[in-house]
Amino acid sequence: MNKVFATLSFLFVFTAFSRTAQAQIVNKYAAVVNFDINCNNRITVDDASEFHAGDTILIIQMKTFSVDSTNTPTFGDTLAYNGAGNYEYNVVKKILLGNKIEFKYQVKRTYDWTLGRVQIVRVAYANNYIVNSPITCMPWNGFKGGVVVIRGGNSIVLNANIDVTGRGFRAGQPLLLQNAVSCNKSDYYYPANGDGGQKGEGIGYLSNNKNYGRGKLTNGGGGGTNSRSGGAGGGNGGTGGGGGDQYQAASAWCPNNVMSNLGGIGGLALGNNTFLSKVFLGGGGGCGQGDNLSEKAGGNGGGIIILDAPTIIGNNNSVIADGDSAAMCTAAGPGCEDDGGGGGGAGGSILINATNVTNLLKLYARGGKGSKIYSSITVNATFMPGPGGGGGGGAVWFKNATVPAGVTVNTTGGVKGVLPQFINSSNGSKDGSVGVTVNNLNFNFPIDTFLIKYNLDFLDSVTKCATIKFVNKTKVAVGVGIFSWWWSFGDGKTDTAKNPTHTYGAGGTYTVKVAAQDITGCTDTLTRVITLNSLNYGVRDTVVGCRTHTFFPFKKTGPTAAIYQWNFGDGDTATGNPITHTYKAKGSKKYTVVLTVTDSTGCQDTVHFTADVVGVVARYNVSKDSVCQLQQVNFTDKSDTTAIFWAWTYGDGNVDSIKNPNHIYPYEGTYKTSLIVGNIYGCLDTAYKNIVVDSISPVDYIPSDTILCQGQTIILKGFYLHQNARSADWDLGDGFKIKNTDPVIHAYDAAGAYNVTLTVHFRSCPDSTFSKLININPYPQLNLGPDTSMCANGASLILADNINVSNPYAKWTWNTGDTTSFINVRHPGIYTARINIKGCTTSDSVEVFKDCYLDIPNAFAPNGTGANAYFLPRQLLSKSVSQFKMTIFDRWGQEVFQTNSINGRGWDGKFNGKDQPMGVYVYQISVTFANGVSESYTGNVTLIR
């Protein structure tokens, strides 16, 4: 092969995808899982199936592991970028087993290959790349995605937008926990326990136990904190806006005053400058905190777009890397009130590596909006949850020292969320700040010291005697490593397709040359000599059977064929000479047979031939395919009219040979029947049908219990051959009828004997009916009489069942343990009897109250004379009292009098020798009688002056 370095004189226009309203993904992505850079310049990825030798790829590190994790205001700060944001081009040299990829060029920058979430992106490439329909990227999933990178050798032409809105770092998501209301949660991180909303994702990463709460996560916005504060916006070129404050009404649950400024902290503005030369995804917005199932997720950050060509023609189209707005509510209601809102995602990054940008190009890397939120309590401003903060603006880079003319840049920050019910109060939420525009972009692509090293190869396949299809076997994908081809066929004709087809005017010897050009302008060439001959063949055939043919090819003129390839017209192919083929389809049909012959030089000829198949097709109908025992089945032949004989089998050992027979099946079962028919050529065909024969089934049913009571729920279950039955209908004898149900559940409202009938409708056999009586026993009546009363230690009462006392089947159970029809009661209380007659039970209760209360005075006048001058229950003391105690309290609970004397005069209305004021006093009296019974009394007595 001869290598030359020149630019091919043709234009290869690459259209990445067909025009469609659906955005297309033109790049491929793989996450780096291992590396061997120093020794072998190799990496291992999660899936190398979409990459090929010669692919141009972008290496880019997405994250850093050096992040402050202390519970201080510096939580989430970037301690060191390490390789985060580093990027460069390279070319795939080879793909090895085990998803290993070897680079063609030495890697220039430093990467944390596994810790830094490094990915490779296959670059979409064409000499003149035309965007004819919208383009987007695979969303960032934590390991790969989020990047569009397009490279044009001469130009990139935009006839549609490129949009990676919300494809960057991911937003914090709701926990949706109903925690107890808390407040003043001022730590910078929490686990997923509900005290903090999830932080938005940024370039740093920490353990999940520190992924919640107000601290930012590098450029990821912090989450809200308990109670109900808002999440912050993500950052990139600009800082994310802080989340709104917690509920000020939270003081009802706090031991101290409610703290302010506990919403999420905005994501950081990253080092987007030419000194670092790094590029980042927009940070995700933090989620609001909630305990009412209404907190709102943040918005995802914007992705990365890299456009790399000497000239970019905008055609008034847009390149968009906006951050997503947070989840929004439009009105108060379930799921949309009383919890914190999410922060907006930050704008992503756009790199324009072009010297000339023409014809109006609009660039957007705006921050997303913070959540609007609502409150269920609108009459008190202290019940305002925190809205979300706005996302920070993104970063836009230019190769030029200034923004090119005709290019507009918009990196505004996202607006903060508000509370529409409170005159759009922000409650402390903040707007995201504007992003940055960076000039003098220095793009890394190591092409200057490397030459093209492709091993070109092709096969020439003759499709007709004078037509050859050239199959390119070079191990490089078109439009990536090699972006253009050029063929010279040796007869003065050329082509620029990868796999061209060319027709020569005559046989002979031709020198064919193929050339390939790579993205650097280097070319590689291959020259090969081919010889073209001419073939001329025919075909004849012998019909061996109804569907079996033997085909004999024969040469008319020219060289002898070496390969005979057949297409039999029914989808089957084969190789051979001669060859026999059996057609699978039944019946008569004509097939177009195609023979392609190839000689030793690769020249081909094609012959078409018609094969005529004459066959017969068996078909028949049956009067019923499901019958009862001893029912007749009629068989009707529906085969081709060419059939001249019939052979029937009924599946039960019986056969027949008439055209339309009938048959009776004496036993149940499933029988496979068949019909064999034949025509005058001896062709045979067979058809099959199954006949299902059902047996006559006995019908019965049983209730779920042997003892059935009035009002009791019972289950009636039928017994019959269920597999043969279509439905079961019940007549329950009390006016209720239930169709197509088995078993049935029913309760009889009245006692008696009911004739219950079950009718079963079978699939093939006649309906069958079964009836029998069901006896429903009544519930017994039981009446112990009304509630009554008795004196303690008085005469006993008799509680009795007088209704069922003479019933020999009656059995009683009292809550006293007695089993007779009556009991003697000596004490107040609740007494319950349960009666059981033939398994049916009823219960009744009587409450016996205490009677015989004492006459204790409710007022006395100590300034007067007679019995009312002192307070003492004389009637009580007239009984056989062995012990007595009386205590008097004023209305403040102070004890003013106490006595244990049975024979004393009682209280004279004084305390410590002083008259007590007129008013109400409380007494407590405890007595023990001679029989050992004790009683206590509490009440009020009025002192009158």
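Above this note sits the structure.
Criteria and thresholds
Residues numbered from 1 in each chain as written. Predicted model: local features only at pLDDT ≥ 70, side-chain atom pairs only at ≥ 80, totals over all residues. Heavy atoms only, no water. Helix = DSSP H or I, 4+ residues; strand = E, 2+ residues; numbered from the N terminus. Buried < 20%, exposed > 50% of the residue type's maximum accessible area, 1.4 Å probe, protein only. Areas by Shrake-Rupley, 256 points an atom, 1.4 Å probe, with all protein chains shown as cover. Disulfide = S-S within 2.5 Å. Core = buried A, V, L, I, M, F, W, Y, C linked by side-chain atoms within 4.5 Å. Pairing = 2+ DSSP bridges.

Novice: I'm lost on the overall build of the protein chain in this one. Help?
Specialist: A tally of helices and strands in the protein chain yields two helices and 66 strands. Within the protein chain, buried positions represent 49% of all 945 residues. Looking at the protein chain as shown, the accessible area adds up to about 42,200 Å², and 50% of this sits on carbon and sulfur atoms.

Novice: Which parts of the structure should I look at to understand the state of the cysteines?
Specialist: Going through the model one piece at a time under the given rule, you end up with three disulfides. Across the disulfide, Cys-628 is cross-linked to Cys-765 (sulfur-sulfur distance 1.9 Å). On the sign convention where negative means left-handed, the S-S torsion of about 95° between Cys-628 and Cys-765 marks this disulfide as right-handed. Pair noted here: Cys-628 is in strand β40 (residues 626-628) and Cys-765 is in the loop between β52 (752-762) and β53 (768-776), with a separation of 137 residues, a long-range link. There is no split in this pair, since Cys-628 and Cys-765 are both buried. Bridging Cys-709 to Cys-840, the disulfide has an S-S length of 2.0 Å. In this structure the cystine formed by Cys-709 and Cys-840 twists about its S-S bond by roughly -105°; its chirality is therefore left-handed. Taken together, the residues Cys-709 in the loop between β47 (700-703) and β48 (713-719) and Cys-840 in strand β59 (residues 840-851) connect sequence positions 131 residues apart. Given the relative accessible area of 5%, Cys-709 is considered buried.

Novice: What should I look at first to understand the nonpolar core in this one?
Specialist: Grouped burial of nonpolar side chains is what soluble globular proteins tend to show. In this structure, Leu-58, Tyr-129, Ile-150, Leu-307, Ile-352 and Leu-363 are the most contacted members of the largest nonpolar core, which totals 55 residues. Elements supplying a minimum of two residues to this core: β6 (56-61), β9 (87-96), β12 (124-131), β14 (147-158), β16 (304-308), β19 (349-353), β21 (361-364) and β22 (395-398). The element best represented in this core is β14, accounting for six residues. The next biggest cluster of nonpolar side chains, apart from the first, holds 20 residues, and it includes Leu-708, Tyr-720, Val-744 and Tyr-748.

Novice: Hey, could you run me through the pairing of strand β46 (residues 684-694) in this one?
Specialist: Looking along a regular strand, one sees the side chains alternate between the two faces of the sheet. Sheet topology note: the β40/β46 ladder contains three bridges and is parallel. Residue pairing in the sheet places Ser-626 in a bridge with Val-692 of β46. Sheet topology note: the strand β45 (residues 669-678)/β46 ladder contains ten bridges and is antiparallel. Paired with Gly-669 across the strands is Val-693, a residue of β46. What sits between the antiparallel neighbours β45 and β46 is a turn of five residues, in which Gly-682 has the positive phi angle 85°.

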